[in-house]
Amino acid sequence: MAVVTQAEVWEKLGTVPDPELPDLSIVDLGMVDHVAIENGMVHVELMPTFVGCPALHWIQDKVERALAPFPATVEFVYHTPWTTDRISPQGRERLTAWGVAPPNRSGQPLACPLCGSDQTHRTSEFGPSLCRSIYYCDSCQQPFEAWKTL
Ligand SMILES: [Zn+2]
């Protein structure tokens, strides 16, 4: 069997979507902590994202399928907590394109993902999922979701 390379593994991992935001991959989210290849076996270490958004078995299954026919093991690691800082620049762009404001640590008002205005305010701590809050844009007068910053 051909030997798989790190680059190929990362490329395949980039096809595994987040269960809630299918436009974003687990690579965009910074969930992939480590990839090891030994004797043709791929070992992937993933950092779970929000506690409220587990779907860990779903993700594990998708990763194993994406890496097939190469045998792969998936392990969830907890030595360092995942934070929203791990979301890649491409991931942040994709979040915005999806209509979800990316996490924001600057202390500045969140920019509206629809029109870019910073005239926004939070209307609800809890959106449709625990990871997201509901905001409202005073400029385009649309509600939008924002990922909580962790
Ligand atoms: Zn707006």
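Definitions and cut-offs
Each chain carries its own residue numbering, running from 1 in the written order of its sequence. In keeping with the predicted nature of the model, local features appear solely for residues at pLDDT of at least 70, side-chain atom pairs appear and are counted solely at 80 or more, and the whole-chain, interface and lining totals rest on all residues. Derived side-chain values reflect all non-hydrogen atoms in the structure, with water molecules and hydrogen atoms excluded from consideration. Listed donors are limited to N, O and S atoms within 2.8 Å of the metal, widened to 3.2 Å for Na, K and Ca; water is not among them, so incomplete-looking sites are possible. Geometry assignment treats four donors as tetrahedral when all angles are between 85 and 135 degrees, treats four as square planar and six as octahedral when opposite donors are over 155 degrees apart and all others between 65 and 115, and treats everything else as irregular. Helix and strand assignments come from DSSP, with helices taken as H or I runs of at least 4 residues and strands as E runs of at least 2, each series counted from the N terminus. Using a 1 Å grid laid over the protein atoms alone, points where a 1.4 Å probe fits but cannot get out form a cavity; open sets with protein on both sides within 12 Å along at least 5 of 7 lines form a pocket; any residue with an atom within 4 Å of a point counts as lining. Grid points are joined across faces, edges and corners, and a volume is the space filled by probe spheres set on the points. Following the grouping adopted for this structure description, the nonpolar residues are Ala, Val, Leu, Ile, Met, Phe, Trp, Tyr, Cys and Pro, the charged ones are Asp, Glu, Lys and Arg, and the polar ones are all others, Gly among them. Residues belong to one nonpolar core when they are buried, are Ala, Val, Leu, Ile, Met, Phe, Trp, Tyr or Cys, and are joined through side-chain atoms within 4.5 Å. Three exposure classes are used, based on accessible area relative to the maximum for each residue type with a 1.4 Å probe and protein chains only: buried under 20%, partly exposed in between, and exposed over 50%. Contacts between residues were defined by any pair of non-hydrogen atoms, one from each residue, lying within 4.5 Å. Criterion used throughout: strands pair if DSSP finds at least two bridges between them. Under this scheme, a helix contributes an axis fitted over its contacting stretch, all axes are lines through C-alpha atoms, and angles between N-to-C directions fall in the 0 to 180 degree range.

(A) Representation of the coordination of the zinc ion within the structure. With distances of 2.3 Å, the protein atoms coordinating the zinc ion are Cys112 (SG), Cys115 (SG), Cys137 (SG) and Cys140 (SG). Between the four donor atoms coordinating the zinc ion, the angles at the centre fall across 104 to 115 degrees, so the site counts as tetrahedral. Read from N- to C-terminus, the donor residues coordinating the zinc ion fall into the pattern C-x2-C-x21-C-x2-C. Residue Cys112 is located in the loop between strand 4 (100-101) and strand 5 (120-124), and its partner Cys140 is located in the loop between strand 6 (132-137) and strand 7 (143-147); the two are separated by 28 residues in the primary sequence.

(B) Geometry of the layout of surface pockets. Approximately 160 Å³ is the volume found for the second largest pocket. Considering the residues around the second largest pocket, the lining is formed by 15 residues, among which Asn104, Leu110, Tyr135, Trp147 and Thr149 are closest to the centre. Looking at side-chain class alone, the lining of the second largest pocket contains seven nonpolar, five polar and three charged residues.

(C) Quick peek at the nonpolar core. Formed by 30 residues in total, the largest nonpolar core has its most connected members in Leu13, Ile26, Val42, Leu46, Val63 and Trp147. Elements with a contribution of two residues or more to this core: helix 1 (6-13), strand 1 (32-38), strand 2 (41-46), helix 2 (56-67) and strand 3 (72-76). Sorting elements by how many residues they give to this core places helix 2 first, with four residues. Apart from residues no more than four positions distant in its own chain, Ile26 is found in contact with Leu13, Val16, Pro17, Met31, Val32, Leu46, Ile59 and Val63. Counting residues in hydrophobic clusters, the runner-up holds seven residues, among them Ala101, Leu110, Cys137 and Ala146.

(D) The sheet that holds strand 1, seen in detail. Taking strand neighbours across the sheet as the criterion, the three strands line up as 1-2-3 in an open arrangement whose pairing is mixed. Here the strands that pair on one side only, and so sit at the sheet edges, are strand 1 and strand 3. Put simply, the sheet's adjacent strands are angled 15 degrees from each other on average, direction ignored. In this structure, strand 1 lies alongside strand 2, joined through six bridges in antiparallel fashion. Directly across from Val32, in strand 2, lies its bridge partner Leu46. The strands that helix 1 touches are strand 1 and strand 2; relative to strand 1, the one it contacts most, it runs at about 135 degrees. Its contacts with the sheet put helix 2 on strand 2 and strand 3, and the angle it makes with strand 3 is roughly 155 degrees.

(E) View of the pairing of strand 2. Adjacent in sequence and paired antiparallel, strand 1 and strand 2 are bridged by two residues, among which Asn39 carries a positive phi angle near 50 degrees. With five bridges joining them, strand 2 and strand 3 adopt parallel strand pairing. Each bridged residue has a counterpart across the sheet, and for Val44 the counterpart in strand 3 is Val74.

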